[in-house]
Amino acid sequence: MSISLSIENLEVVYGKARSVNGISLSVETGQIIAIIGPVGAGKSTVFDAVFGLNESTGKIEFEGQDLRKIPPQKIVELGVAYAPERGNLFTQMNVHDNLLTGAYRARKDIKKNLELVYDLFPILKDRKTQETATQSGGERQMLSLGRALMSSPRLLLVDEPTIGLSPKVCLSIAEALGKLNKQHGLTILIAEQNANFALSLAEYIYLLEIGRITRHGTSAELLKEDVIRKSYFGNSNESGDKA
Ligand SMILES: Nc1ncnc2c1ncn2[C@@H]1O[C@H](COP(=O)(O)OP(=O)(O)OP(=O)(O)O)[C@@H](O)[C@H]1O
Ligand SMILES: [Mg+2]
């Protein structure tokens, strides 16, 4: 089994505050892994560190290569894509042009990748020429994922893909991520407050609280712990059944 992403002893300090306090985690090629944790736990800070968007210390490697000294555009070229929290899209552009902004490092794959994105999210194909400012939250989330896929990544970082979305749209996003993993072999690291969503997709989960990983295990292992079930899965009964 080869390692896709390896993070060791990562620390990020903003001013006097230690937002990420020495975390380690690894993602094997072909896995879906989730980092779950509450508001302000440090999830986005970890993702930003992978892309060199903040100052951090510790080890960050992708497929054995040190990412610490590589600029974000080069990291995309190496095969890592980032769908950031709330999409961060160009709202004055239409859907199609937003997708193309993700393709500048993988021009030869544009046709294939557009087909993949429009096949995963047919609603984007129907709304190709719509200005992103007028899109729904769910459509924007799909577009954000789509744009990340336009760089032909082998590892996708997805930050809170379900934030503010209805259960039905969450399900479409989960299906798309599942398909990308199973049918296209994409390795995926998800950050989520929505623990049930993470549980439905990820084979291994890290719980991040106030900058530290306080628990990690398979979904089944974490569900066995009453305190975790109560706090994160909205369910405190002994059987672990979903309410
Ligand atoms: N650029 C920054 N400058 C100062 N503090 C920051 C900065 N970015 C994040 N923080 C702080 O770091 C901590 C972790 O923030 P982060 O955005 O990583 O949390 P999160 O787990 O992604 O939360 P959420 O689920 O709300 O998105 C928070 O206390 C936040 O206020
Ligand atoms: Mg965040």
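Here the structure is a predicted model, which means the values were calculated and not measured.

What counts and how
- Residues numbered from 1 in each chain as written.
- Chains lettered and ligands numbered in written order.
- Predicted model: local features only at pLDDT ≥ 70, side-chain atom pairs only at ≥ 80, totals over all residues.
- Heavy atoms only, no water.
- Donors = N, O, S within 2.8 Å, 3.2 Å for Na, K, Ca; no water.
- Helix = DSSP H or I, 4+ residues; strand = E, 2+ residues; numbered from the N terminus.
- Pairing = 2+ DSSP bridges.
- Axes fitted to C-alpha atoms, helices over the stretch in contact; angles between N-to-C directions.
- Buried < 20%, exposed > 50% of the residue type's maximum accessible area, 1.4 Å probe, protein only.
- Parallel < 35°, antiparallel > 145°, perpendicular 65-115°, else oblique.
- Left-handed = near helix turned anticlockwise from the far one by under 90°.
- Contact = heavy atoms within 4.5 Å.
- Nonpolar A, V, L, I, M, F, W, Y, C, P; charged D, E, K, R; others polar.
- Near = heavy atom within 4 Å.
- Polar contact = N/O pair within 3.5 Å; in protein donor to acceptor, adjacent residues only side chain to side chain.

Points about the coordination of the magnesium ion (ligand 2)
Coordination of the magnesium ion (ligand 2) by the protein is provided by Ser44 (OG) and Glu85 (OE), with metal-donor distances spanning 1.9 to 2.0 Å. Highlighted residues: Ser44 in helix H1 (residues 43–50) and Glu85 in the loop between strand E6 (80–83) and helix H3 (95–101), separated in sequence by 41 residues.

With respect to the sheet that holds strand E10 (residues 212–218)
Sheet architecture is open: 6 strands sit in the order E6-E7-E8-E3-E9-E10, paired in mixed fashion. Edge positions in the sheet fall to E6 and E10, since each has one partner strand and no second. Adjacent strand axes in the sheet meet at a mean angle of 15° when their direction is disregarded. Strand direction decides the pairing type here: strand E9 (residues 204–209) and E10, joined by 6 bridges, are antiparallel.

What about the pairing of strand E3 (residues 32–36)?
Burial runs high along E3: 5 of the 5 residues are buried. Here E3 shows two buried faces, one formed by Ile32, Ala34 and Ile36 and the other by Ile33 and Ile35. Pairing of E3 with strand E8 (residues 187–192), which is carried by 5 bridges, proceeds in the parallel orientation. Counterpart to Ala34 in the pairing with E8 is Ile190. Pairing of E3 with E9 involves 4 bridges; the strand directions are parallel. Each residue of the ladder has a partner; that of Ile33, found in E9, is Tyr204.

Notes on unusual backbone geometry
Phi at Asn9 takes a positive value of approximately 55°, unusual for a residue other than glycine. Tracing the backbone through its elements, the reader meets Asn9 in strand E1 (residues 3–14).

Let's talk about the packing of helix H6 (residues 137–149) against helix H7 (residues 167–184)
In contact at an axis separation of 10 Å, H6 and H7 are set at 15° when each is read in the N-to-C sense. The orientation of H6 relative to H7 falls into the category roughly parallel. In this structure, H6 crosses over H7, and the sense of that crossing is right-handed. Residue-level contacts link Gly138, Gln141, Met142, Leu145 and Leu149 of H6 to Val169, Ser172, Ile173, Leu177 and Leu180 of H7. Of the residues that constitute the contact of H6 with H7, the class distribution is 7 nonpolar, 3 polar and no charged.

What about the site of ligand 1?
By nearness alone, 13 residues border ligand 1, and Ser19, Gly40, Lys43, Thr45 and Glu160 come closest of all. Thr45 places a side-chain nitrogen or oxygen 2.5 Å from an oxygen atom of ligand 1. Here an oxygen atom of ligand 1 and a side-chain polar atom of Glu160 are 2.5 Å apart. Per-element accounting of the shell around ligand 1 gives the leading share, 3 residues, to H1. Tallied by class, residues from the shell around ligand 1 come to 4 nonpolar, 6 polar and 3 charged.

Keep in mind these values describe shape, not function.
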